[in-house]
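# Topology and contacts: notes
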Amino acid sequence: CRYWKTHPGLIFAVFGWWGTIGSAFNTPNIPGYSPNTSLLQALSNTRTDGYGDLYREGTAALLNSMAHSASYPYSTAQVRDGFTAALSSNSSAAAQAKLYKMANEGRVN
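For clarity, every value in this text was computed on a predicted model and none was experimentally measured.

With that out of the way, let us pick up the packing of aromatic side chains. Applying the stated criterion across every chain, the model contains six aromatic pairs. Taking the centre distance of 6.0 Å and the plane angle of 85° together, the rings of tyrosine 74 and tyrosine 100 count as edge-to-face. Here tyrosine 74 is found in the loop between α5 (50-67) and α6 (76-86), whereas its partner tyrosine 100 is found in helix α7 (residues 90-104), with 26 residues between them in sequence. Accessibility expressed as a relative area gives 1% for tyrosine 100, which makes it buried. Among the aromatic side chains, those forming a connected cluster through ring pairs are Phe25, Tyr33, Tyr51, Tyr55 and Phe83.

Right under this line is the structure:
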């Protein structure tokens, strides 16, 4: 997450200035957030629940899957599908966020 938070220009290069969490994950329903929340805001959110973790780690996972498609363990479609499925509950969001965090830190092959 830190890398993407400190390189917002790269996020904008992939999604444009108007990239939102709703458009990036193709979902109009984002519990606790507006789907119009920017990707940078999602990465920088300070929520301490499962959803907050999912928004941070899921956004980083999506960007990593697009930027490092050959070496990242999840495809962009897998990240989007996992993110969307995890929105069903806070505990599902927390579990999925842990998987993304491990991948984002290079601890998944």
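Looking now at the pattern of salt bridges. Summed over the entire model, instances satisfying the criterion amount to four salt bridges. Between arginine 56 and aspartate 53 there is a salt bridge, and its shortest N-O distance comes to 2.3 Å. Residue arginine 56 and its partner aspartate 53 are located together in helix α5, separated by three residues, close to a single helical turn. Here arginine 56 falls in the buried class, since its relative accessible area comes to 15%. Where lysine 101 meets glutamate 105, a salt bridge forms, and the shortest distance between an N and an O atom there is 3.4 Å. Where salt bridges share partners, they join Lys101, Glu105 and Arg107 into one cluster.

By secondary structure assignment, the location of threonine 20 is in the loop between α2 (8-15) and α3 (21-24). Under the relative-accessibility criterion, threonine 20 is labelled buried at 13%. For threonine 20, the side chain forms a polar contact with the main-chain oxygen of proline 35, separated by 3.3 Å. Non-local contacts of threonine 20, meaning those with residues more than four positions away in its chain, are made with Pro35, Asn36, Thr37, Ser38 and Leu39.

Once that is clear, we can look at unusual backbone geometry. With phi around 55°, asparagine 26 is a residue other than glycine that occupies positive phi space. Locating asparagine 26 in the fold gives a position in the loop between α3 and α4 (39-44). Residue classification places asparagine 26 among the exposed positions, given a relative accessible area of 60%.

The rules behind the values
- Residue positions within a chain follow its written sequence, with the count starting from 1.
- With the structure being a predicted model, the display of local features is reserved for residues of pLDDT at least 70 and the display and counting of side-chain atom pairs for 80 or more, all residues being used for whole-chain, interface and lining totals.
- Excluded from the side-chain calculation are hydrogens and water; included are all heavy atoms of the structure.
- Geometry of aromatic contacts follows a simple scheme: Phe, Tyr and Trp rings, the Trp one being its six-membered ring, pair when their centres are within 6.5 Å, and the pair is stacked under 30 degrees between planes, edge-to-face over 60, tilted otherwise.
- Numbering of helices and strands runs from the N terminus, with a helix taken as a DSSP run of H or I at least four residues long and a strand as a DSSP run of E at least two residues long.
- Burial classes: relative accessible area under 20% of the type maximum marks a residue as buried, over 50% as exposed, and values in between as partly exposed (1.4 Å probe, protein chains only).
- One side-chain nitrogen of Lys or Arg within 4 Å of one carboxyl oxygen of Asp or Glu is enough to make a salt bridge.
- Any pair of N or O atoms that falls within 3.5 Å is considered a polar contact. Within protein, one atom must be able to donate a hydrogen and the other to accept it, and sequence-neighbouring residues count only if both atoms are side-chain atoms.
- Throughout, a residue-residue contact means that at least one pair of heavy atoms, one from each residue, lies within 4.5 Å.

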